[in-house]
Amino acid sequence: MSLNGRMIPTRLGVFKVNCKGLACLLIFTVSICGSTPGMCPTACICASDIISCTNKNLSRVPGNLYKCMKRLDLSYNRIGLLEPEWVPVLFEKLNTLIVDHNSISSIITGSFSTTPNLKYLDLSSNSLKTLGSPVFQELKALEVLLLYNNQIMQIDSLAFGGLYNLQKLYLSYNLLSNFPLDLYVGKHKLTDLALLDVSFNRIRLMPIQRLSSVPAKQLSGIYLHGNPFYCDCVLYSMLIFWYQRQFSSVVDFKNEYSCLLQSDPRGHNKLPLLLDNFLNCSESTVNSSFQAFGFIHDAQVGDRLIVHCDSRISDVGTHFVWVSPDNRLLEPDRETNNFKVFPNGSLEITDAQLENSGLYSCIAINKKRLLNETIEVRINVSNFTMNRSHAHEAFNTAFTTLAACVASIILVLLYLYLTPCPCQCKTKKKKRKLNQSSAHSSILNSTMPQELNSTMPADEKKASTGKRVAFLEPVHEPKHSQNGKVKLFPNDSVITESILKTTRTKSDSDSVNSVFSDTPFMPPT
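Nothing here was measured: the structure is a model prediction, and the numbers come from that model. (Residues numbered from 1 in each chain as written. Predicted model: local features only at pLDDT ≥ 70, side-chain atom pairs only at ≥ 80, totals over all residues. Heavy atoms only, no water.)

S.K.: What's the story with the UniProt feature "transmembrane region" (unreviewed entry) in the protein chain in this structure? I'm lost.
M.R.: The feature "transmembrane region" (unreviewed entry), as annotated in UniProt, sits at residues 398-418 in this numbering. Helix makes up 100% of residues 398-418 and strand makes up 0%, while its end C-alpha atoms are separated by 30 Å. (UniProt positions renumbered as here; feature names shortened; annotations may be inferred. Helix = DSSP H or I, 4+ residues; strand = E, 2+ residues; numbered from the N terminus.)

Below, the structure written as structure tokens:
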């Protein structure tokens, strides 16, 4: 069998070999990988382009490894510091580096200059406390970074600067007290970041208003469960919104979300945040959060309104369709009355009217990935003039009611403090009654004064024994101005006159005694 001669370039020069088929491929592989120095250390296991040096008490990467390796596992060793010399040789083909369960406490800038093409980096279960800036700037192709189960308390805003291809970042089981918002906003934000796991940290408050501008493609991958959040209706509304959008970060870990009362910061009593509405949040608070996340849009009659279809399926090849409240199909590049749908899924209402209010559905369809998603958006269109007139009427009604209440209070105060006190009138009436009672007692008194009785002769004393003296007080007719005064004895003058004119057959004493005596009347014998 004859072999064809071919020229194959290598780093050591150009070799002329005779190869055909598989033999040629073998020679080419040797020229690329085997021609450079390297071997499989006795402490490691080598399988083609995979090298495993786990649990070998290593403090740095061996320098005589194969340069063509693509995966290096250094887990369960005693590497304590990542510095520019910890990987002594350039490994251009290395795309996966696993250094978990070591003693790494610090990362110095330039530590990954010899591994520039890493796509997967595992630094979990170490002793990292802070991440300075920028420690990962050489890793332009990095897609997955694992930093969970460390002791990270602080992350610099530029720590992940330059990782524009990063898609997954795991920071769970650390000591973070602040949410790393710089990953989503600002000039160093990571637009391709689809998963951020900050579960089981020490985050108590969330920047909810700032997160409202983050696309749903990124929001759906934020995992927050296991954090000691303060009980807050705005946080509850955000998580409920995510749950209704079927974000797996909330749906799959619904039971792991809990909150603490601010009066109980030590967490003696944890409340389930999503199982039941223990917070008793008002509907207006929930709706305001939905509005902030683009679920509710408000407009006035005649306004131009643009509503975005915030779908998690936003890659190339996705087709968007809207369904109006009256079940009309709204498609891109096809105007229907006041509606227009753009290729990116945004819906435009050129001239909003009251009848345009209702619940709209955006359907995102990706045929290549066999994915689809439906997002519901509520649009409220109101008339400003009508609302202003209603508000004016409501103001007039409220003002009238308030004025009536103030007038009533003033009248009550006038009645209490400006009317004459009835106490003086009662005192005068009481004195008048006392005078009348003393007059009557003087009329009916049958006892003669002691001084007068001692100066009278004996025969007059005898004659005056048993006599009664009556002092009759003249009765005046009431005047017309004396309201309410009643004449108790209207015939007193008649009675008195009849007594004085009566013909007497007996002595004066007997007649007087018959009228005023306390003893019963006895007929003469």
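S.K.: Could you clarify how one ought to interpret the environment of Pro 325 in this entry?
M.R.: Mapped onto the fold, Pro 325 is located in the loop between strand 21 (318-323) and strand 22 (329-330). With 33 residues separating them in the primary sequence, Pro 325 and Gly 358 have C-alpha atoms 5.5 Å apart. The residues touching Pro 325, leaving out its near neighbours within four places in the chain, are Ser 357, Gly 358, Leu 359 and Tyr 360. (Contact = heavy atoms within 4.5 Å.)

S.K.: Help me understand the pattern of salt bridges, please; the structure alone is not making it clear to me.
M.R.: Side-chain pairs of opposite charge can arise where the charged atoms are in close proximity. If you walk through the whole model with that rule in mind, you get four salt bridges. Of the charged contacts, one joins Glu 373 and Arg 312 as a salt bridge, the two residues approaching to 3.0 Å between their closest N and O atoms. Taken together, the positions of Glu 373 in strand 26 (residues 371-382) and Arg 312 in the loop between strand 20 (305-307) and strand 21 put the pair 61 residues apart, joining distant regions of the chain. (Salt bridge = Lys/Arg side-chain N within 4 Å of Asp/Glu carboxyl O.)

S.K.: Please clarify how the side chain of Thr 115 should be interpreted in this entry.
M.R.: Here Thr 115 is to be found in the loop between strand 8 (106-107) and strand 9 (120-122). Thr 115 has contacts with Val 87, Phe 91, Leu 94 and Leu 139, leaving out every residue within four places of it along the chain.

S.K.: Mind showing me how you'd approach the confidence of the model for the protein chain here?
M.R.: It should be kept in mind that the predicted coordinates are not to be read in detail where pLDDT is low. Summing up the model confidence of the protein chain, the mean pLDDT is 76 and the portion of residues at 70 or higher is 68%. Within the model, pLDDT remains below 50 along residues 478-490, and this stretch shows three contacts once partners closer than five positions in the same chain are excluded. (pLDDT = per-residue confidence, 0-100.)

S.K.: I would appreciate a short explanation of the state of the cysteines in the present structure.
M.R.: Think of a disulfide as a covalent bridge from one cysteine sulfur atom to another cysteine sulfur atom. With the rule as written, the count across this model stands at five disulfides. In this model, Cys 40 is linked to Cys 46 through a disulfide, with the two sulfur atoms separated by 2.0 Å. Torsion about the S-S bond of the Cys 40 and Cys 46 cystine: about 100 degrees, corresponding to right-handed handedness. You can call Cys 46 partly exposed: its relative accessible area is 26%. (Disulfide = S-S within 2.5 Å. Buried < 20%, exposed > 50% of the residue type's maximum accessible area, 1.4 Å probe, protein only.)

S.K.: Please clarify how the sheet that holds strand 13 (residues 168-170) should be interpreted in this entry.
M.R.: Read from one edge of the open sheet, nine strands run 3-4-5-7-9-11-13-14-15, paired in mixed fashion. Of all the strands in the sheet, the pair left with one neighbour each is strand 3 (45-47) and strand 15 (222-223). Alignment of strand 14 (residues 195-197) against strand 15, held across two bridges, turns out to be parallel. Looking at the pairing, Asp 197 lines up with Tyr 223 of strand 15. (Pairing = 2+ DSSP bridges.)

S.K.: For this particular structure, what's the right way to read the pairing of strand 25 (residues 358-366)?
M.R.: The two faces of a sheet get side chains in turn, since along a regular strand they alternate between them. Of the strand pairs in this sheet, strand 21 and strand 25 are connected by six bridges, and their pairing is antiparallel. The partner of Val 321 across the bridge, within strand 25, is Ile 363. Across nine bridges, strand 25 lies against strand 26 in antiparallel orientation. When the sheet's bridge partners are listed, Leu 359 is paired in strand 26 with Arg 378. A loop of four residues connects strand 25 with strand 26, the two strands running antiparallel in sequence, and Leu 370 in this loop sits at a positive phi of about 55 degrees.

S.K.: Help me out: how do you make sense of the packing of aromatic side chains in this one?
M.R.: In this description, a pair of aromatic rings is defined by centroid distance and the angle of the planes. By the definition in use, this model includes seven aromatic pairs. Aromatic side chains Phe 112 and Phe 136 sit 5.8 Å apart centroid to centroid with 25 degrees between the ring planes, which places their arrangement in the stacked category. Remark: Phe 136 occurs in the loop between strand 10 (130-131) and strand 11 (144-146) and Phe 112 occurs in the loop between strand 8 and strand 9; sequence separation between them is 24 residues. Pair check on accessibility: Phe 112 and Phe 136 agree, each one buried. According to the relative accessible area criterion, Phe 136 is buried, its value standing at 0%. One aromatic cluster in this structure is built from Phe 112, Phe 136 and Phe 160. (Phe/Tyr/Trp six-rings, centres within 6.5 Å; stacked < 30°, edge-to-face > 60°.)

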